[in-house]
Amino acid sequence: MNNGETLLSVEHLCQYFGRNKAVDDVSFEVKKGEVFGLVGESGCGKTTTGRSIIKLYDITSGNIFYKGERIAAGTLSYKEEIKAAKEAYKEAKKNGTDKAKLAEIKADTDARIAKAKEEMKAAMKDHKKHRTVTDIQMIFQDPIASLDPRMTVGQIIAEGLVINGEKDKKVIDEKVYEALEMVGLVREHAGRYPHEFSGGQRQRIGVARAVVMNPEIIIADEPVSALDVSIQAQVINLLDDLRHKMGLTVMFIAHDLSVVKYFSDRIGVMYFGKLVELADADELFEHPMHPYTKSLLSAIPVPDPQFEKKRQRITYVPLKEHDYSVDLPSLREVTPGHFVYCNDAEYEKYRAQVAE
Ligand SMILES: Nc1ncnc2c1ncn2[C@@H]1O[C@H](COP(=O)(O)OP(=O)(O)O)[C@@H](O)[C@H]1O
Ligand SMILES: [Mg+2]
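Owing to the predicted nature of the structure, the values given are computational and were not obtained by experimental measurement.

J.: I'd love a proper account of the sheet that holds strand E3 (residues 35-39), names of residues and values included.
T.: Pairing within the open sheet is mixed, and its eight strands lie in the order E6-E7-E8-E3-E9-E10-E12-E11. With partners counted over all chains shown, the strands left at the sheet margins are strand E6 (136-139) and strand E11 (330-335), one partner each. This sheet shows a mean twist of 20 degrees between the axes of neighbouring strands, independent of strand direction. Pairing of E3 with strand E8 (residues 249-254), which is carried by five bridges, proceeds in the parallel orientation. Within E8, the residue paired with Gly37 across the bridge is Phe252.

J.: Which residues make up the coordination of the magnesium ion (ligand 2), and what values do they have?
T.: The magnesium ion (ligand 2) binds to the protein through Thr47 (OG1) and Gln141 (OE1); the donor distances cover 2.0 to 2.6 Å. In this pair, Thr47 sits in helix H1 (residues 46-53) while Gln141 sits in the loop between E6 and helix H4 (153-163), placing the two residues 94 residues apart along the sequence. Classification of Thr47 by relative accessible area gives partly exposed; the value is 24%. On the accessibility criterion, Gln141 (31% relative accessible area) is partly exposed.

J.: Tell me about the sheet that holds strand E2 (residues 20-31), and please be specific about residues and values.
T.: Pairing in this open sheet of four strands is antiparallel, and the strands run E2-E1-E4-E5 from one edge to the other. The open sheet is flanked by E2 and strand E5 (69-73), the only strands paired with a single partner. Direction aside, neighbouring strands of the sheet carry axes that sit 20 degrees apart on average. Of the strand pairs in this sheet, strand E4 (residues 61-66) and E5 are connected by four bridges, and their pairing is antiparallel. Bridge pairing in E5 places Asn63 opposite Ala73. Against the sheet, H1 makes contact with strand E1 (6-17), E2, E4 and E5, and its axis sits at roughly 120 degrees relative to E1, the strand it touches most.

Rules and cut-offs
Residues numbered from 1 in each chain as written. Chains lettered and ligands numbered in written order. Predicted model: local features only at pLDDT ≥ 70, side-chain atom pairs only at ≥ 80, totals over all residues. Heavy atoms only, no water. Pairing = 2+ DSSP bridges. Helix = DSSP H or I, 4+ residues; strand = E, 2+ residues; numbered from the N terminus. Axes fitted to C-alpha atoms, helices over the stretch in contact; angles between N-to-C directions. Donors = N, O, S within 2.8 Å, 3.2 Å for Na, K, Ca; no water. Buried < 20%, exposed > 50% of the residue type's maximum accessible area, 1.4 Å probe, protein only. Contact = heavy atoms within 4.5 Å.

Next comes the structure, spelled out in structure tokens:
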């Protein structure tokens, strides 16, 4: 399914909206050819993560690499480093550190600041160099809101090509027709307007708009959440079909685990801006560790009516589960490839469970 080559690497991504830490220190990799599922309840930062990757934001902090090249970077971590260096010096001065020692600290502070400034400059240079990355395309959550009602379907699908500098009308038309046919629509649809289509067809238009760019990665943001259950499977099947035909890598965003279950190779679970668990899909379902993941799993209906009757939903209450007052959490690898957001005590507990 994949040869282990990393296509996309998200490192310590932070995207803050004022005080709202929508995405807070999230790191993961997406490997070539895989389906990476990103799951979590509404408002936990999934869309913001996707939008950060396609550079709809100037991210607050962290780095995003595509094929090893840094395509996006934020400045906050560098600014914090500069601040911390200054504080350390101030503190030493205040504490009446002797002159020789203070000079030493000053030199060290200046070096730290110079290094952070240089790194920040390099980060911003990379960030600005890649205004957009056509290799990464996103299918948006809401197929109605994301299609401009005043544009024809043809214009909507062609928009990315035009922005990308394609001027030849014939080339554009051919690509649009090809994209329409790939998603199960016909070329005659190009002259029509979005409102003339059903929800499922509109999402096909959304898919066509992404595939026309011949991307390497598609970020599908809850592509079926807004659709009738009866047509959800059609759109999922279309994505799966295209993925094989085009050799795509997919990041599939969903708010519950039932949709991603059969489709994903690996799954990341988000909770309030944090990535709390990351593992192979099978591993995550068989050995969930984080209590939030367990609660998500408990919410999946099962086809067995006997079992379904007895199914107990587990609610996740963070304050009951964790004491992060002193022993602070971070994302840790508990078993190879299985990462959990936990502190030292929890890490030991998870390790012990594995050993049993
Ligand atoms: N453009 C924005 N401006 C301000 N806050 C935003 C913006 N987009 C998202 N948010 C906030 O960021 C958080 C994460 O939102 P989002 O990424 O859309 O979550 P999800 O896709 O998981 O439902 C929410 O609290 C949301 O209100
Ligand atoms: Mg969303």
